[in-house]
Structures are given as structure tokens and as C-alpha cells.
Amino acid sequence: MYRFFEQLSSRIAAPFKGESSRNSKVWSCRCGQSLFFRNSQCLACSAALGYQPEQSRLSSLQPGERPDTWLLDADPEAGAFRRCANLDSPAACNWLLPVSHHETLCMACSLSRTIPDLSITDNHERWRKVETAKRRLVAQLVSLGLPVIPKRVDEEAGLAFDFIGVDLEGKLPTTGHANGLITLDIKEADDAHREQVRVQMREPYRTLLGHFRHEVGHYYWDRLIANSHWLEPFRGLFGDERASYADALERHYEQGAPLGWQQHYVSAYAAMHPWEDWAETWAHYLHMMDAVDTALGFGMSAREWDFDYQPFALDTLYDPLHPGGAAFLSFVNAWIELAGMLNELSRSMGQPDFYPFVLPPAVIARLHFIHLVIQQEGGRADEVLQVQ
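On a predicted model such as this, the values are computed, not experimentally measured, just so you know.

**Some words on the layout of surface pockets**
Estimates place the volume of the largest pocket at around 1,500 Å³. What lines the largest pocket is a set of 49 residues, among which Met-201, Glu-203, Arg-206, Tyr-253 and Tyr-269 lie closest to the centre. For the lining of the largest pocket, the elements supplying multiple residues, two or more each, are β10 (176-178), α3 (191-200), α4 (208-224), α6 (245-255) and α7 (274-297). The greatest single-element share of the lining of the largest pocket, amounting to seven residues, is contributed by α4. A breakdown of the residues in the lining of the largest pocket according to their chemical character gives 22 nonpolar, 18 polar and nine charged. Approximately 760 Å³ is the volume found for the second largest pocket. If you trace the second largest pocket, you find 26 residues lining it, with Arg-136, Tyr-205, Thr-207, Leu-209 and Arg-213 closest to the centre.

**Some thoughts on α3**
What α3 keeps buried is the set His-193, Arg-194 and Val-197. In an axial view of α3, the angular spread of the buried residues amounts to 95 degrees, which keeps them on one side of the axis. Facing away from the buried side of α3 by over 90 degrees, the exposed positions are Ala-192 and Val-199. Positive backbone phi, approximately 55 degrees, marks Arg-202, located one or two places after α3.

**Re the pattern of salt bridges**
Throughout the structure, instances matching the rule amount to 22 salt bridges. Between Arg-242 and Asp-240 there is a salt bridge; the shortest N-O distance is 2.8 Å. Salt-bridge contacts for Arg-380 lead to Glu-383; the nearest nitrogen and oxygen are separated by 3.5 Å. On the accessibility criterion, Arg-380 (23% relative accessible area) is partly exposed. A single network of salt bridges, built from pairs that share partners, joins Glu-232, Arg-235, Asp-240, Glu-241 and Arg-242.

**Thoughts on the packing of α7 against helix α9 (residues 361-378)**
Where α7 meets α9, the axes come as close as 10 Å, and the angle between the chain directions of the two elements is 75 degrees. Taken together, the axes of α7 and α9 are roughly perpendicular relative to one another. Taking contact as the criterion, the partners of Asp-277, Trp-278, Thr-281, Trp-282, His-284, Tyr-285 and Met-288 in α7 are, on α9, Arg-366, Leu-367, Phe-369, Ile-370, His-371 and Ile-374.

**Quick word on the environment of Trp-27**
Within the secondary structure layout, Trp-27 lies in strand β1 (residues 26-28). Exposure remark for Trp-27: the relative accessible area of 12% places this residue in the buried category. A sequence separation of 82 residues divides Trp-27 from Cys-109, and the C-alpha atoms of the two residues are 23 Å apart.

**Structural notes on unusual backbone geometry**
Even without glycine at this site, Asp-68 takes up a positive phi of about 60 degrees. Looking at where Asp-68 falls in the secondary structure, it is placed in the loop between β4 (57-63) and β5 (70-72). Take Asp-68: its relative accessible area is 65%, and that puts it in the exposed class. The phi dihedral of Ala-92 falls on the positive side, at around 50 degrees, and the residue is not glycine. Taking relative accessible area as the criterion, Ala-92 reaches 32% and is therefore assigned partly exposed.

**Quick look at the pairing of strand β11 (residues 181-185)**
Most of β11 is tucked away: five of the five residues are buried. Side chains Leu-181, Thr-183 and Asp-185 of β11 all project onto a buried face; the interleaved residues Ile-182 and Leu-184 project onto the opposite face, where all are buried too. Where strand β9 (residues 160-164) lies against β11, five bridges are found, and the strand directions are parallel. Paired with Ile-164 across the two strands is Asp-185, which belongs to β11. Both β10 and β11 contribute to a ladder of three bridges, which runs antiparallel. Looking at β11, one finds that Gly-176 is bridged to Thr-183. Here β10 hands over to β11 after two residues, with Asn-179 in that stretch at a positive phi of 55 degrees.

Calculation criteria
Starting from 1, residues in each chain are numbered consecutively following that chain's sequence as written. Per-residue local features are limited, in this predicted model, to residues with pLDDT of at least 70; the limit for side-chain atom pairs, both in listing and counting, is 80 or more; totals at the level of whole chains, interfaces and linings are taken over all residues. With hydrogens and water excluded, all non-hydrogen atoms of the structure serve as input to the side-chain values. Every definition here rests on a 1 Å grid over the protein atoms only: cavities are sets of points where a 1.4 Å probe fits but cannot get out, pockets are open sets enclosed by protein on both sides within 12 Å along at least five of seven lines, and lining residues have some atom within 4 Å of a point. Grid points are joined across faces, edges and corners, and a volume is the space filled by probe spheres set on the points. Here a helix means four or more residues in a row that DSSP labels H or I, a strand means two or more in a row labelled E, and each is numbered from the N terminus. Each residue is assigned to one class: nonpolar for Ala, Val, Leu, Ile, Met, Phe, Trp, Tyr, Cys and Pro, charged for Asp, Glu, Lys and Arg, and polar for all the others, Gly among them. Burial classes: relative accessible area under 20% of the type maximum marks a residue as buried, over 50% as exposed, and values in between as partly exposed (1.4 Å probe, protein chains only). Of all possible arcs, the one meant is that of the directions from the helix axis to the C-beta atoms. The salt bridge criterion pairs a side-chain nitrogen of Lys or Arg with a carboxyl oxygen of Asp or Glu, the two atoms within 4 Å. Note on geometry: axes are C-alpha line fits, over the in-contact stretch for helices, and angles between N-to-C directions span 0 to 180 degrees. Orientation labels follow simple angle bins: below 35 degrees gives roughly parallel, above 145 gives roughly antiparallel, 65 to 115 gives roughly perpendicular, and whatever is left gives oblique. Pairs of residues are marked as contacts when any of their non-hydrogen atoms sit within 4.5 Å. Paired strands are those between which DSSP finds at least two bridges.

Worth remembering: the numbers are spatial, not functional.
Right, here's the structure in full:
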């Protein structure tokens, strides 16, 4: 197995790539124009567009037989769809839902339990930004086969989002997760505010999508790890989550991360408590999968460049003997090279690094653990790792 991996190129036109990207971020309109995830109308021929989450597909649309129904040009036999009721709202949603569904909101929009106060003009743009980031999150969760269940369907095990501002008593909301409810201070959508908080918190990176990926990691810990056969392996790798979270939080903000945390964690915040280590590593796993998948969808290749990165070896993984270990390791090494290339592109524009993190071997083991958990739950995480 190890000799086999050594013979594999870890370039971005990677050996784990199948015939096409599992979750491409570029499609074609019926007129041939390239379409992208956020588009709701073709810029070339003005065709209506819609995103069909179950198939991870953006398609141009043809009117259906009944009013306000649509057929996919990419697959007319898929049945009739309606466009999300939030299409013409500030959320500008381009998703579809089957006509057989009684709801008017798509899968992603139906997760929003509370939207910002739209009588405040600035909240229109803020809401658009947070919903755009949430749709990206939900699309990836669906593509991985993970369950996405609204709280209104299952209050106990479901997921919901509150996008809120200062309350009537002037109290600021706290971004976080509690029992499947993800709360976000709507001001996080303001670039200046978010950058100010990033600097205050001494974070190298702070985005709306990053928030969502981190907080949904807590949700899936409850769903996939707690009370499962993964719990003891989790404790062996991340630590014992029964340690006082309140004490860990106080210690982190009083003393900071422990000396040498860079050798063991993906971020300083991950060093605070096993729950945060899981959520931070989970978020980075989603970052890596989405970015590499997108790069593959655009045909990006680093084959012509001679990077001097030392690739990780199989014994870095959580389970070095796992049949998919070599493919996962190839994905990780491809990510390291992609991130290095994109960091240099950012620097050439005078911008901060695209990926301002270093992944030590201990984090690679945790990433592999998360991959195995997701693959067991959804059965689709391995699809991007298929070796030709």
C-alpha cells in the first residue's frame, strides 16, 4: 500500500479524481455559457436557472406544463420543480424544490428559523450574504450524504439557524450552537465588523462560511459521535469531552493556547477543549473538500510546478491500514499543494494568505477520523477520492 502511494502523483489533477468532479461548481447553460453556483439567470441568453440540491446540479430551466413550474434542461425526465419563494427576496435564493412538496421554501431556506429585521435597510444585504454562505454549506452537506433535517420537522434532532441582531434590551447576540440551533450575529455579515472581531480575537481567518462549518460541526458531533461507537475512539484522538467546558473557556481567554499548540492542533481555538478541536477540524475538512473539489471541477493542475513539500506518509492517518487510506492521503497532499499555490496568488495581489494554517501530522489523523465518520454516515465522502 505504501509503495503504491509513493508512486502516485499528489498533484491537483490528482490520482483520486474520477471522470468528473463529484460536486462541480461549474455547469453549462443550454446556450453553452458557463454557470456558477450562485447564478439564477444566464448572463448570455437570460435563461432562468435553478439549483437542484439532491443532484448537486445547476441547470437552465424550461417552463413546465403548469404555471410557475419548471423542467431541468439538464434532465427533463427529473420531473417538475418550483423555484424557492426567496428567489425575489433579499436572500436571492436560486434553489429548486419538487412540485410535490407543499413548502414554498427550499431545503436551505427552510432551515432559517429567524431572519434579520428587514425594516433595517442594512439587513437586506446582510441577509443575502448569510443565506449565500448557508446555501454553500447545505449543498456540501447534502453532497456528502449527511442528514439535513429542519427543526420544524424534528425539534429534537433537527437543525435551524437564527440570524439576529441586538435585542430590545440592547444585548448583543452570541454566535454559537445549542441543540441544533445555530445563532449568528447578523453584523458578522459586515466586512469591517468581522475584521475588527478577527483582530481582537487574534484569529488568522474569519468568514461567514467558516462560522457555519464550525458550528455545524458541533451539531454533527451530537448526531454522529455522542452515544455512538465512535465516542471512545473520539476521546482517544481528540480528548475527553467530559472535561469542564466552562473552565476550559475561561482558561483559554485568560491564558491563551498552550505553548506548542501548533504541533497538535489546527488552530489555537482548537486547543481549548475536545469539542472545539472537533468543530475546528471538521470545518477545515469541509474547507479542504470543497476547495479541492472546486479546483478539480475547473481542471486546475499543479503538475507543471515543482513543489518541495514533504508529503505526509500513511502512518500519519488515523487508520493507516484502511483500504481508502492511500486515496485520502493523496487528497490531503493535493490540498497542501493547492493551498501553497493559492497562498502565493494571494500574496501576488497583496492579500492575506488564502489558507493561513499549517497542518501538523496530529491534525491529519483527526481529519482522517472525520472522513471515516462522514463516509460511514453518508456513504459519499469517498467519491471524490476514487483512484483512476
